[in-house]
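Listed here are the chains, written in short residue letters.
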Amino acid sequence: MKIIFVTGWVLSGIGKGIAAASIGALIAWSGKKVFCQKFDGYLNVDPGTMNPTQHGEVFVTADGAETDLDIGHYERFLDTDMNKYSSFTTGRLYEEIILKERRGDFLGGTVQIVPHLTDLVKEKIRVGFESSGADVSIVEIGGTVGDMENEYLLETARQLRHELGETNVRFVHVALLPYLMASKELKSKPIQHSVRTLMSYGINPDFLIVRADTDIPEDMMSKIASASGIPRSATISAPTLDSIYRVPLAFNEEHFWEKILLKLDLEAPKPDMKNWIELMNNIDNSLDVIRIGMVGKYVNLEDAYYSLNEWLKCAGFHLRHRIKIRFIEAEEVELRWASLLEWLDGICIPGGFGTRGTEGMIQAAEYARINKIPFLWICLGSQIMAIEFARNVLGIADASSEEFTPKWKNNIIHIMEDQKKLDSKWGNMRLWNYTCVIRKWSLAEKVYDSLSIVERHRHRFEFNPKYREQMEKSGFIVSATSPDGTLAEVVELKDHPYMIATQAHPELISRPHCPHPLFVGFVRAMI
Ligand code: GLN
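A. Broad picture of the domain arrangement of the chain. Segmenting the chain into domains produces domain 1 (3-278) and domain 2 (285-526). Relative placement of domain 1 and domain 2: their C-alpha centres are 34 Å apart. Listed by partner, the interface residues are 28 residues for domain 1 and 27 residues for domain 2. Buried area between domain 1 and domain 2, both sides added, is near 2,300 Å², and the carbon and sulfur share of it is 56%. Connecting domain 1 to domain 2 are six salt bridges. The partner of Asp-81 in a salt bridge is Arg-456, and the shortest N-O contact between them spans 3.2 Å. Applying the counting criterion to the domain 1 and domain 2 interface returns 13 residue pairs in polar contact (both at pLDDT 80 or more). Every element with two or more residues in the side of domain 1 that touches domain 2 is listed here: helix H2 (52-55), strand S3 (59-60), helix H3 (69-78) and helix H11 (274-284). For the side of domain 1 that touches domain 2, the class distribution of residues is 10 nonpolar, 11 polar and seven charged.

Next up, the structure:
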């Protein structure tokens, strides 16, 4: 096994995931197969039941695991599907160990963090590596060095380096170089302390990525290198860039891929960056601005819609336009829709759970339908589109969803049959990749340019087919279904420039240099 551990310091959100993904991308572009894993220290079993406003979006893998949003960075930067071994939490590992203990698997022996938990982490790293057929695994340790909850992960990493040897296990440490406004200077002391902290766990980092909001002068980089005992050539400067997609290119200029591959005793051919450079050219040449309103319920944390934001932006770059997203609290639309919606070129309603804000979404939908404003609906959005149509076009005043109003008579959206019998709320939605069959001559066919597609899903409720005939008579079209024709997968409106909705999550499979057709179609409709 060849493993690169990535650790971080001082605070989260400095771009450890982007750094890990960028290293992975460069290695992948130089012809190696790369797998990525993230271990998080919290006790939730997975992010599936965590509030998006606290933790950001839940990223669903092709094999149906609900994972951390960093897994999305890995997929997008590496252009490779990750899997259920990509994301682990302390809660999930404890759950497995405690179940074994209750089953008597330890034969009455004392069960401990070391060796039982550390061995389990090693097993997960090995399974991830082997399941993906990787040449190199990148293992990101969530949180920051010194967090109590992550200590066992550092201990596992230390043991692995000891067992496998340093040419097989390398460490990259990402640390923040703060800038003090008052004295107008960059301060290197926290980084020095962080390297010392890491050393106190028995880990000497091989590479240090210095993150700062500004450019970092050479004398500061040399000072950090010498004070941390890391060669200057292994100290990589990483100032904040105008786009996260520039990070692999910046690392490439420092020959980071070459340095790290040689340290792992692997050949280091030059990475093929053709697609990525084309993306950069598109970004540089995107001048005209398009304004999209994202009407959602988790808008106070943009990370809650991370993939969607990125793919709308990338679809814009693809057509050489800059997308400006305004996050609109759905509840506020209920109060003052006109001032919030009037200036927009297009509206998007993303996924979500629960009743709050849905009346505002319905109002936004009505506004876009009547005024023929391009509109893209994702998952919950597609359900809202159906409800709005049933209420305002068919006149079914109590049209709603069983999720919001379980006792109402006209629930246009109802719970899926196989979800009815479930009594817990974790890991059992309709997750996974599913094939959808597209109706000929529909907008969906035009946009996808195909009659069969595969999309990732995450939902419990669906369009109630009882209403299909009645709705279709009035211009609502079910334009893609599950192969057996029962589940509505894509719906659209007749006589509207772009009113299309999907029950799936296209943002989960979109890739930077080839954005999802639904997003490209949406941007095209706004130009
Ligand atoms: N709450 C809806 C459902 O469970 C939509 C889910 C979503 O938007 N991901 O079906």
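More follows now that the structure is in view.
B. Structural view of the pattern of salt bridges. Inspection of the entire model under this criterion finds 36 salt bridges. Lys-38 is paired through a salt bridge with Glu-140; the nearest N and O atoms lie 3.9 Å apart. Of this pair, Lys-38 sits in strand S2 (residues 34-40) while Glu-140 sits in strand S6 (residues 136-141), and the two are 102 residues apart along the sequence. Judged by its relative accessible area of 7%, Lys-38 is buried. Note on Glu-140: relative accessible area 1%, which makes it buried. Between Arg-103 and Asp-105 there is a salt bridge, and its shortest N-O distance comes to 2.5 Å. On the basis of relative accessible area, Arg-103 is assigned to the exposed category, the value being 58%. Residue classification places Asp-105 among the partly exposed positions, given a relative accessible area of 38%. Overlapping salt bridges bring together Lys-16, Lys-38, Asp-40, Asp-68, Asp-70 and Glu-140 as one network.

C. Spotlight on the pairing of S6. Burial analysis of S6 places six of its six residues in the buried class, which makes it a mostly covered element. Neither face of S6 is left uncovered, since the one carrying Val-136, Ile-138 and Glu-140 and the one carrying Ser-137, Val-139 and Ile-141 both have all their residues buried. With four bridges connecting them, strand S1 (residues 3-9) and S6 associate as parallel partners. From the neighbouring strand, Ile-3 faces S6, where its bridge partner is Ser-137. Pairing geometry for S2 and S6, over six bridges, is parallel. Bridged to Gln-37 within S6 is Val-139.

D. Spotlight on the nonpolar core. Ile-4, Phe-5, Ile-23, Ile-209 and Phe-251 are the most contacted members of the largest nonpolar core, which totals 130 residues. No other element matches the nine residues that helix H1 (residues 16-29) contributes to this core. Residue contributions to this core reach at least three from each of two domains, namely domain 1 (3-278) and domain 2 (285-526). Once residues lying within four places of it in the same chain are set aside, the contact partners of Ile-4 are Ile-23, Ile-27, Val-136, Ser-137, Ile-138, Val-139, Arg-170, Val-172, Ile-260 and Leu-264. If you look at the next biggest cluster of nonpolar residues, it comprises 42 residues, including Leu-341, Tyr-367, Ala-399 and Phe-463.

E. How the structure looks around the site of the ligand. Inspection of the region around the ligand gives Gly-351, Gly-352, Phe-353, Cys-379, Leu-380, Gln-383, Glu-403, Arg-458, His-459, Arg-460, Phe-461 and His-505 as its neighbouring residues. Its free accessible area being 300 Å², the ligand has 99% of it covered by the protein chains. Among the elements of the structure, helix H15 (380-392) and strand S19 (452-459) are those that each provide at least two residues to the shell around the ligand. Tallied by class, the residues present in the shell around the ligand amount to four nonpolar, five polar and three charged.

F. Inspection of the packing of aromatic side chains at higher detail. Throughout the structure, instances matching the rule amount to 15 aromatic pairs. Ring geometry for Phe-77 and Trp-276: centres 5.3 Å apart, planes at 50°, overall tilted. With Phe-77 in helix H3 and Trp-276 in helix H11, the pair connects residues that are 199 residues apart, well separated along the chain. Cluster of aromatic residues (ring-pair linked, three or more members): Trp-29, Phe-77, Tyr-245, Trp-276 and Trp-311.

G. Highlighting the sheet that holds strand S16 (residues 400-401). Across the sheet, which stays open at both edges, the three strands sit in the order S16-S17-S20 with mixed pairing between neighbours. Every other strand in the sheet has two partners, leaving S16 and strand S20 (461-463) as the edge strands with one partner each. Alignment of S16 against strand S17 (residues 411-415), held across two bridges, turns out to be parallel. Paired with Ser-401 across the two strands is Ile-413, which belongs to S17. The strands that H15 touches are S16, S17 and S20; relative to S17, the one it contacts most, it runs at about 150°.

H. Spatial organisation of the sheet that holds S1. One open sheet holds the seven strands; their spatial order is S5-S2-S6-S1-S7-S10-S11, and the pairing between them is parallel. The open sheet has two edge strands, strand S5 (87-89) and strand S11 (235-239), and neither has a second partner. The sheet shows a mean angle of 20° between the axes of neighbouring strands, taken without regard to direction. Pairing analysis gives seven bridges linking S1 to strand S7 (residues 169-176), with the strands arranged parallel. In the strand pairing of S7, Ile-4 is matched with Arg-170. The strands touched by H1 are S1, S2, S6, S7 and strand S10 (207-212); relative to S6, the strand with the most contacts, the crossing angle is about 175°.

I. Looking closely at the state of the cysteines. Throughout the structure, instances matching the rule amount to zero disulfides. Considering cysteine sulfurs only, Cys-514 is the nearest to Cys-36, which forms no disulfide, with 18 Å between them. The thiol of Cys-379 is unpaired, and the distance to the nearest cysteine sulfur, on Cys-436, comes to 12 Å.

J. Quick peek at the packing of H1 against helix H10 (residues 256-263). Where H1 meets H10, the closest approach of the two axes is 9 Å, and the angle between their N-to-C directions is 80°. It follows that H1 is roughly perpendicular to H10 by the angle criterion. Two secondary-structure elements touch here, H1 through Ile-23, Leu-26 and Ile-27 and H10 through Phe-256, Trp-257, Ile-260 and Leu-261.

Cut-offs and rules
Residues numbered from 1 in each chain as written. Predicted model: local features only at pLDDT ≥ 70, side-chain atom pairs only at ≥ 80, totals over all residues. Heavy atoms only, no water. Domains from an automatic or database assignment. Contact = heavy atoms within 4.5 Å. Buried area = accessible area lost by both parts, 1.4 Å probe. Salt bridge = Lys/Arg side-chain N within 4 Å of Asp/Glu carboxyl O. Polar contact = N/O pair within 3.5 Å; in protein donor to acceptor, adjacent residues only side chain to side chain. Helix = DSSP H or I, 4+ residues; strand = E, 2+ residues; numbered from the N terminus. Nonpolar A, V, L, I, M, F, W, Y, C, P; charged D, E, K, R; others polar. Buried < 20%, exposed > 50% of the residue type's maximum accessible area, 1.4 Å probe, protein only. Pairing = 2+ DSSP bridges. Core = buried A, V, L, I, M, F, W, Y, C linked by side-chain atoms within 4.5 Å. Near = heavy atom within 4 Å. Areas by Shrake-Rupley, 256 points an atom, 1.4 Å probe, with all protein chains shown as cover. Phe/Tyr/Trp six-rings, centres within 6.5 Å; stacked < 30°, edge-to-face > 60°. Axes fitted to C-alpha atoms, helices over the stretch in contact; angles between N-to-C directions. Disulfide = S-S within 2.5 Å. Parallel < 35°, antiparallel > 145°, perpendicular 65-115°, else oblique.

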